[in-house]
Amino acid sequence: MSQKKDDMSTEAVGLGRRRFLNTAALTGLTLGVAACNDKPETAPAASGTSAAAPAAHASSATHLKPGELDTYYGIWSGGHTGDMRILGLPSGREIHRIPCFVPDALVGWGLTNESKAVMGTKPDGSLRYTVADTHHTHASYKDGNYDGRYAWINDKINSRIARVRLDYFVCDKITELPNVQGFHGIFPDKADPVDPAINYTTRVFCGAEFAIPLPNNGGDINNPEKYRSMFTCVDAESMEVRWQVLIDGNCDLTATSYDGKLAATNQYNIENGVHYEDMMSSERDACLFFNIARIEEAVKAGKFTTVGTSKVPVVDGTRENNKDPKTALVAYVSVPKNPHGVNASPDAKYFICAGKLSPTATVIELSKVLDWFDGKLAELDKAIVAEVEIGLGPLHTAFDGRGNAYTTLFLDSQVVKWNVDAAIKFHAGDKSAKYVVDRLDVHYQPGHINASQSETRMADGKYLAVGCKFSKDRFLPVGPLHPENEQIIDISGDKMVLLADHPVRGEPHDFIIFKRDLLKPKQVYDINDFPLAIKDSKESGVTRNGKKVMVKITSQAPAFSLREFTVKKGDEVTLILTNLDKIEDLTHGFAIPKYNVNFIVNPLETKSVTFIADQPGVFWCYCTHFCHALHLEMRTRMIVEA
Ligand SMILES: [Cu+2]
């Protein structure tokens, strides 16, 4: 405890306790050990840290009165469940889950023909994939703020990107990226690099982590020096892959500039190693800056190759072939080894990379990177305007719009608040500049962090959410699998104030938080959006074409349009259901016992399922979503004749 107090008094200029682990190699070792600690240091906050106990007035902010609405939306990645989660903040209440990559039993995602078409199927009609690992979610921009059109989310396992429509909160497209593995970082652009009239998102950038032989078809397995990773650009509207850039090393996170000119990925494994040890031998890795206009000119000029059966243009962004600033497509700004997280400051000036294995944050000035591309900056690393110590295991950074950055310290189990301008002054030689403003213990081992409006020009500095990877003793024990702990922090004052803990099912990773008035969700579908819609209950009935049978049904509480329908054993049945109820919140379900069918239809929504009627008998199809006092009576009889 006294040790900790001593350290806190030297916080501004150095890191005391943290200093002894200043070398990246040692820190790397510690990273492995940290996960095994069953009790990280959780002593009461010492002087210099914020109080861990919430102040009474601030704490009440998260406890909304019954009927009171949240002021912010949070979009959270669902992790293994492959969905996107919608939270209300500051309460932290989970309001909705949007299935994307993994089947979902509530809505029938992965069961209906419409959702299977989005998810992708094998030639036999079964789903191509049923597992996922979502990490990052970001939304579309206009004028430097969210415009409420779309959000995107990644699947690291199968290198897929899903788009969610934010008018209906549904996934409408999924694209699998060619020739990459471990697709991790994702970020939409915020403007076009060339046309100033396009001040909104038209591209989404995707960084891939794992280097693989290209093409990965059995060749070059024993030539690790030929393994490469790629940075991919996806069209925001068509969701088709526009182009890819071959790079050295592995992409970690992704960030984009507000002027649309630069996208970046911080990079580890510049060594191109295939074994754990090889990936950490170099003292510095890099933050890669992609010159979007030049890449697209190169593609237009035909200066690209393709890989395997993919038709996607691939340009060369390797370090060796991008040394000349006048022609470079990619700039490799050096950062301490194995960094994690790259985040764009809301003043549009800087990207900040966190050190992970180094206790530092690196501040890179974007105008200087552009100067290098223009031949006006001789040494690229002069774009680094600060590289300052902030604590052990820095991972991700959020902003309050008042010049402060908030970085998670995985090893220290803290959030550190630091002032970017002061850090730049300190780096320039002013050792009296106190850039560390505050520290707050979090519980425990924080990964991602984000603040309200942090990733926009309108960062408002009200709330900070921290995704803690370990919850340990914060919730009632439920056996060996612990939930993760999402903590909400008030950042409106000088000191951070911890407001609330929320258990979440693993593991959300990343999230964004924005003002509720940026979204205008619709609560009833437009029936014309569905090609198969049955617009009048009189169109209901059974039509046969050989062994193929189409059953058309509508729902209007508390009845289905058909009281019964008959098919024959061996028929291929396609059942189409339109919910003709137009009233908000009047959803129906449709389940067929023994046929593994259950899905819901929202007001004026149409869905269909196809199955083989392989079991003769009577099957009571019933409404599974409570809709009416006569909900239990809402049924139809499927008769399958032997
Ligand atoms: Cu019903």
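Cut-off values and rules
Residues numbered from 1 in each chain as written. Predicted model: local features only at pLDDT ≥ 70, side-chain atom pairs only at ≥ 80, totals over all residues. Heavy atoms only, no water. Phe/Tyr/Trp six-rings, centres within 6.5 Å; stacked < 30°, edge-to-face > 60°. Buried < 20%, exposed > 50% of the residue type's maximum accessible area, 1.4 Å probe, protein only. Helix = DSSP H or I, 4+ residues; strand = E, 2+ residues; numbered from the N terminus. Lys NZ or Arg CZ within 6 Å of the ring centre and 35° of its normal. pLDDT = per-residue confidence, 0-100. Contact = heavy atoms within 4.5 Å. Salt bridge = Lys/Arg side-chain N within 4 Å of Asp/Glu carboxyl O. Arc of directions from axis to C-beta. 1 Å grid on protein atoms, 1.4 Å probe; cavity = no way out; pocket = protein on both sides within 12 Å on 5 of 7 lines; lining within 4 Å. Points joined across faces, edges and corners; volume = space filled by probe spheres on them. Nonpolar A, V, L, I, M, F, W, Y, C, P; charged D, E, K, R; others polar.

1. Some points on the packing of aromatic side chains
(1) Moving on: Per the counting criterion, the structure on display carries 20 aromatic pairs.
(2) Moving on: Note on Phe590 and Phe599: the rings are 6.0 Å apart at their centroids and 40 degrees apart in plane angle, and the pair reads as tilted. An identical accessibility class is assigned to Phe590 and Phe599; each is buried.
(3) Moving on: Centre to centre, the rings of Tyr595 and Phe619 are 5.1 Å apart; their planes meet at 85 degrees, and the pair counts as edge-to-face. With Tyr595 in the loop between β35 (588-592) and β36 (597-601) and Phe619 in strand β38 (residues 617-622), this residue pair connects regions lying 24 residues apart in the sequence.
(4) Moving on: Here Phe619 falls in the buried class, since its relative accessible area comes to 8%.
(5) Moving on: Among the aromatic residues, ring-to-ring pairing joins Tyr73, Tyr141, Tyr146, Phe169, Phe187 and Phe514 into one connected group.
(6) Moving on: Stacked on the ring of Tyr141, the Lys or Arg Lys190 has its end atom at 5.3 Å from the ring centre.
(7) Moving on: The lysine or arginine in question, Arg635, covers the ring of Trp620, its NZ or CZ lying 5.1 Å from the ring centre.

2. Here we look at the confidence of the model for the protein chain
(1) Moving on: Taken as a whole, the protein chain shows an average pLDDT of 91; of its residues, 91% reach a score of 70 or greater.
(2) Moving on: Within the model, the stretch residues 1-49 combines pLDDT values under 50 with 83 contacts to residues more than four positions away or in other chains.
(3) Moving on: Within the model, pLDDT remains below 50 along residues 51-57, and this stretch shows ten contacts once partners closer than five positions in the same chain are excluded.

3. What about the pattern of salt bridges?
(1) Moving on: Enumeration according to the criterion identifies 31 salt bridges in this entry.
(2) Moving on: Residue Arg128 pairs with Glu176 through a salt bridge whose shortest N-O separation is 3.6 Å. On the criterion of sequence distance, the pair formed by Arg128 in the loop between α4 (113-119) and β4 (137-142) and Glu176 in strand β7 (residues 170-176) is long-range, its members being 48 residues apart.
(3) Moving on: Residue class for Arg128 comes out partly exposed when judged on its relative accessible area of 45%.
(4) Moving on: On the basis of relative accessible area, Glu176 is assigned to the partly exposed category, the value being 36%.
(5) Moving on: Across the pair Arg163 and Asp172 runs a salt bridge, and its minimum N-O distance is 2.9 Å.
(6) Moving on: Judged by its relative accessible area of 3%, Arg163 is buried.

4. Here's the deal with helix α6 (residues 366-373)
(1) Moving on: Every buried residue belonging to α6 is among Leu366, Val369, Trp372 and Phe373, and all of these are buried. For α6, the angular spread of buried residues about the axis comes to 110 degrees, placing them on one side.
(2) Moving on: As for α6, its buried residues are in contact with β13 (262-268), β14 (284-291), α5 (292-300), β16 (330-336), β18 (350-354) and β19 (360-365).
(3) Moving on: Gly375, located one to two residues past α6, shows a positive phi value of around 75 degrees.

5. Examining empty space enclosed by the protein
(1) Moving on: As enumerated under the stated definition, the model contains two cavities of 30 Å³ or more in all.
(2) Moving on: Volume-wise, the largest cavity comes out at about 100 Å³.
(3) Moving on: Taken together, 14 residues make up the lining of the largest cavity; nearest its centre are Val342, Asn343, His448, Glu455 and Asp510.
(4) Moving on: At the level of elements, β12 (250-256), β17 (340-344), β21 (394-399) and β25 (446-451) are the ones that each hand at least two residues to the lining of the largest cavity.
(5) Moving on: Here the residues of the lining of the largest cavity sort into four nonpolar, eight polar and two charged.
(6) Moving on: In this structure, the second largest cavity encloses a volume near 40 Å³.
(7) Moving on: In this structure, the second largest cavity is lined by Ser471, Lys472, Phe475, Leu476, Pro477, Val478, Gly479, Leu481, His482 and Pro483.
(8) Moving on: Split by residue class, the lining of the second largest cavity holds six nonpolar, three polar and one charged.

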